[in-house]
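Structure assessment
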Amino acid sequence: MINKAKFIPVLFTAAFFSSLTGCYCEDCGESCSNVYDFESKLADCQKTIGHYKKGKTIHYEHSNGYDLDFTVSKDTIYHKRESEYCANFDTEVREIELTSTYPIISIKVSFNGGYEFEDEDGSTDFVSSLNITYDATSYVVDLNSDGTPIEFSYKDNLETLDTITFNGVKYDSVFVIYDLLYASSTDHADNRNQPRLYFSKEKGILKIESRLGQSLTIKENGKDE
Amino acid sequence: MNKFTKPLLFLFGGLLFSSCNHILDSIDDYVGGDFGKLVQKEQEWSDSAKFVDNLGIEDAFKERMYSHKPENMDFTATGTINEISVHVRIECNGTGGNLVVFNCKTVENPQHMNDEGIVFSNLSGNKMTTSDGYTIRMLDSLNIGKETFQNVLEFDATKAEKNECDYDKFYISATQGLLRIDLMDTITIKRSLP
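Throughout what follows, the structure given in this document is the object of discussion. (Residues numbered from 1 in each chain as written. Chains lettered and ligands numbered in written order. Predicted model: local features only at pLDDT ≥ 70, side-chain atom pairs only at ≥ 80, totals over all residues.)

Focus on the overall build of chain B
Across its full length, chain B carries 1 helix and 14 strands. The 194 residues of chain B split such that 29% are buried. Residue pairs in contact within chain B that sit at least 24 positions apart in sequence constitute 43% of those at least 6 positions apart. (Helix = DSSP H or I, 4+ residues; strand = E, 2+ residues; numbered from the N terminus. Buried ≥ 20, exposed ≤ 12 C-beta atoms within 10 Å, placed from the backbone. Contact = placed C-beta atoms within 7 Å.)

Thoughts on the interface of chain A and chain B
As a measure of interface size, the accessible area lost when the parts come together is often cited. At the junction of the two partners, chain A supplies 10 residues and chain B supplies 10 residues. If you list the elements that add at least two residues to the side of chain A that touches chain B, you get β4 (67-84) and β6 (105-118) of chain A. Grouping the constituent residues of the side of chain A that touches chain B by class yields 7 nonpolar, 2 polar and 1 charged. (Nonpolar A, V, L, I, M, F, W, Y, C, P; charged D, E, K, R; others polar.)

Notes on the environment of Asp142 of chain A
Residue and element names in this part refer to chain A. Take Asp142: it is sitting in strand β8 (residues 137-143). On a C-alpha basis, the gap between Asp142 and Lys207 in space is 19 Å, while along the polypeptide they are 65 residues apart. Beyond its immediate stretch of four places on either side in the chain, Asp142 contacts Val127, Ser129 and Ile150.

A short note on the nonpolar core
Ranked by internal contacts, the top residues of the largest apolar core, which has 41 residues, are Leu153, Phe170 and Ile172 of chain B. Those residues within four positions of Phe170 of chain B in sequence are excluded, and the remaining contacts are Val86, Phe155, Leu178, Arg180 and Ile181 of chain B. Of all hydrophobic cores here, the second largest spans 29 residues; its members include Tyr60, Val109, Phe199 and Ile218 of chain A. (Core = buried A, V, L, I, M, F, W, Y, C linked by C-beta atoms within 7 Å.)

Shown next, in the form of structure tokens:
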């Protein structure tokens, strides 16, 4: 478990000295008196959200009017190793890819394992992340220990809907994640005009919009998917 | 001739020889056979062209052409809806040059992507086939609707031992860019003409 109160000053100190010397730990490892190792694991919920299993087919309607079958063509777990600021990070990653045969379109879903933080009051927080990319548009959101999206502290990027209906099917507990990664506006109305992703823990991607004006909306036929 | 003249002549002669040799090297570089027609015109442009398939689905391909005689040619076309990317590069050399088709033999692992490309070496004639069955051919012309395009490169993966491309065939004009893509045996995506 990482002690946030101790870890953050270490990061800032290392970053400060790195900025003075112009090099990071991997360039001049000998300047680090201590190298910290951090290992993150996928939470159980990150292995079940959306129930994406390799080979599963999900139907979507394209904004241009045609229907598409997306198949889960990839579902892999691997460890990503990175070094910076006198720390080594070993992150467990789950990558999923949904692809349609024709037109050839893909959606990439990536879960990054999380870290458990000890707050100053002694309680613990778990923060992991989810990244979904479609048509040159990426949605990034932090998740808590049960896979619920967490709003960025500095951006107005998340809404929760009790229900929403897509193509005649009602979905409960839907998260609306806005594409604000590069948005500078703090105006709520401006932010609500940005492309968005509708996402549920049960069904995964319900609707996804791109910056290029295209979108995909789930289209269930009442069959067992 | 004094004692300095002879070494100076050798030095001058050596310099002349080495620079001539360099000039000869660059003169000798070429793109062999009919494939040379792809780099005849000096051009650099980027554009977006409309395409439609035989199902009626429309798409726009973003294209970029760089061609300088005799150095090389580099052409890319990427679909807006379809995640199809055609990338061809020609590099001249003293033995006819190489033509490389990228985005097919992409070896992916979690840390990085490595695109080996399909390489046609020592270009000559108007048709070449790799050992694993990919073929390129220069066509004098290709008709799209009522329009005829000259000097067209055809890439054909239909006879490949294992087709690793997203498409079966594509056609590129030396000056107009992407003309047509065939894929999945039944789908033809053609340039829309006004």
